[in-house]
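Observations on the model geometry
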Amino acid sequence: MARGGRWLPWLGLALLPLAVPPAAAPAGCPAACYCVTTPELAQCRYERLEAPPRELPPAARNLSIAGSNLSALPRAAFAARPLPDLRLLRLHRDNIQVVEDMALQGLPALQTLDLSHNPLLSVAPGAFSGAPLLRTLQLNQALLAAPLEEQLALALRNLSLRRLELAGNALRALPFALLPAGLEELDLRNNSLRRLTPAELRGLDAPGLRGLRLTLGANPLSCDCALRPFLAWLRASAARVPDARGLRCGGPSALRGTALLRLRPDGLPCEGGEPGRLETASYVFFGIVLALIGVVFLMVLYLNRRGIKRWLHNLREACRDQMEGYHYRYEQDADPRRTSAVSTPGL
């Protein structure tokens, strides 16, 4: 019994958490919202909504609305009840097509906005003006329905973004219009980038973007000779591409799946000839052919100079005989005696 009694205090401590009731949901949590409260965090997740919720727990810091049919974010969409502490707003797969001016009004502390997997068609110039502290914008697979680069450039012009996610948007070039000065992270995974051109590489070394880090995985990089400038830049700036070691060739077939950093620039093939050099080589070859033709022609003239001289002499004599014949006929036709004889045949 003595030994068993020593374990009773420990057993009581083990059962103590079961006797404490779970933390209550934050006050004002709507029925359609799943709220979880911890000492530092209040999360709320909505589903199957057709409009932004009007009643939210005022202490909420994370708000997630997924799989709904919101269609549009109107002006002050979340301002029905103040949310001074909201830091993260996730709007995944909500069929959002339009973001109106001041849609984020009433969210002064918002730092991260996720609009991924929405078929965006229109973004107003002041769409993000109500969130002055916005630092992270996630637009993964959100730019496939319409070309929005110009609209987004206007909407982002007054923000101080630090991270921009544009994965899965079929981009074929770097969207420099969307890259504000001071941007630190750019996610371009799973796009349609075949390479970064020399002009794009120079843009990345501009003063406002020198600290930018890129993620480029799952792009169909074409490992031909046009990739050489990017490969040289990648070797020199691998710290700016966190997934540099994971980049693989998407073509040609002989190099598909090969790690970029294992390639040698002089070993990259040129399909149909290296750009620029093929044209130059064609002009050089054409000039050489013309020069050879000229040399052959001059040699023929030199070797046959006597025959050519004889031929020219004969041609001159033939022309002279022909001209003398024409001259004789002209004199005969111009003789007045021959003319009068022809005009009076009966005399």
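This text goes with the structure placed above it.
To keep things clear, this report deals only with the structure shown in the data block.

Each value, and the rule that gives it
Residues numbered from 1 in each chain as written. Predicted model: local features only at pLDDT ≥ 70, side-chain atom pairs only at ≥ 80, totals over all residues. Heavy atoms only, no water. Buried < 20%, exposed > 50% of the residue type's maximum accessible area, 1.4 Å probe, protein only. Helix = DSSP H or I, 4+ residues; strand = E, 2+ residues; numbered from the N terminus. Arc of directions from axis to C-beta. Contact = heavy atoms within 4.5 Å. Phe/Tyr/Trp six-rings, centres within 6.5 Å; stacked < 30°, edge-to-face > 60°. Core = buried A, V, L, I, M, F, W, Y, C linked by side-chain atoms within 4.5 Å. Pairing = 2+ DSSP bridges. Disulfide = S-S within 2.5 Å. Salt bridge = Lys/Arg side-chain N within 4 Å of Asp/Glu carboxyl O.

**Considering helix α2 (residues 149–156)**
Because each turn of an α-helix spans 3.6 residues, side chains separated by three or four positions in sequence point in the same direction. The complete set of buried residues in α2 reads Leu152, Ala155 and Leu156. In a view along the axis of α2, the buried residues occupy a sector of 90 degrees, so they form one face of it. Looking at the buried residues of α2, the elements they touch are β8 (122–123) and β9 (136–138).

**Some remarks on helix α4 (residues 228–236)**
The set of residues buried in α4 consists of Phe230, Leu231, Trp233 and Leu234. One side of α4 holds all its buried residues, which, seen down the axis, span an arc of 165 degrees. Contacts from the buried residues of α4 go to α3 (198–204) and β12 (213–215).

**Structural notes on the packing of aromatic side chains**
Given two aromatic rings, one states the distance between the centres and the angle between the planes to describe the pair. Evaluated as defined, the whole model comprises 1 aromatic pair. A centroid spacing of 6.2 Å and a plane angle of 20 degrees characterise the contact between Phe230 and Trp233, whose relative ring orientation is stacked. Here Phe230 pairs with Trp233, and both are found in helix α4, just 3 residues apart, close to one helical turn.

**So, the nonpolar core**
Within the largest apolar cluster, 69 residues are counted, with the highest numbers of intra-cluster contacts made by Phe128 and Leu260. When contributions to this core are tallied by element, the ones reaching two or more residues are β3 (62–66), β5 (88–92), α2, α3 and α4. The dominant element in this core, judged by the number of residues it contributes, is α4, at 4 residues. Contacts of Phe128, omitting those with residues within four sequence positions, involve Leu104, Leu113, Leu115, Val123, Leu134, Leu137, Leu152, Ala155, Leu156 and Leu159.

**Let's talk about the pairing of β5**
For a regular strand, side chains alternate in direction, first toward one face of the sheet and then toward the other. Where β3 meets β5, 5 bridges bridge the pair, whose relative direction is parallel. When the bridges of β5 are listed, Ile65 appears paired with Leu91. Alignment of β5 against strand β7 (residues 112–114), held across 3 bridges, turns out to be parallel. Bridging across to β7, Leu88 finds its partner in Thr112.

**A short note on the sheet that holds strand β4 (residues 72–73)**
Here 3 strands make up an open sheet; going across it, the order is β4-β6-β8 and the pairing parallel. On the outer flanks of this sheet lie β4 and β8, each paired with one strand and no other. The pairing of strand β6 (residues 98–99) with β8 spans 2 bridges and is classified as parallel. Bridging across to β8, Val98 finds its partner in Ser122.

**Focus: unusual backbone geometry**
Here the residue pair Gly251 and Pro252 is connected by a cis peptide bond, since its omega of -5 degrees sits within 30 degrees of zero. In this structure, Pro252 sits in the loop between β14 (249–251) and α5 (277–303). Even without being a glycine, Ser71 presents a positive backbone phi close to 70 degrees. Looking at the secondary structure, you find Ser71 in the loop between β3 and β4.

**Notes on the pairing of β3**
Across the 5 residues that make up β3, a large majority, 5, are buried. Residues of β3 alternate between two faces, with Asn62, Ser64 and Ala66 on one and Leu63 and Ile65 on the opposite face, all of them buried.

**Things to note about the state of the cysteines**
Tallied over the full model, the rule gives 2 disulfides. Here Cys223 engages in a disulfide with Cys249; their sulfurs sit 1.9 Å apart. Taking the torsion about the sulfur-sulfur bond, which here is approximately -95 degrees, the covalent link between Cys223 and Cys249 counts as left-handed. On the criterion of sequence distance, the pair formed by Cys223 in the loop between β13 (221–222) and α4 and Cys249 in strand β14 is long-range, its members being 26 residues apart. Here Cys223 falls in the buried class, since its relative accessible area comes to 0%. The side chain of Cys225 participates in a disulfide bridge whose partner is Cys270; the two sulfur atoms lie 2.1 Å from each other.

**Focus on the pattern of salt bridges**
If the charged atoms of two oppositely charged side chains come close together, the side chains can form a pair. What the rule picks out here adds up to 9 salt bridges. Here Arg163 ties to Glu165 by a salt bridge, and the two come within 2.8 Å at their closest N and O atoms. As a salt-bridge pair, Arg264 and Asp266 come within 3.0 Å of each other at their nearest N and O atoms. By relative accessible area, Arg264 is classed as exposed at 58%. Taken together, the shared-partner salt bridges in this structure form one network comprising Arg163, Glu165, Glu185 and Arg213.

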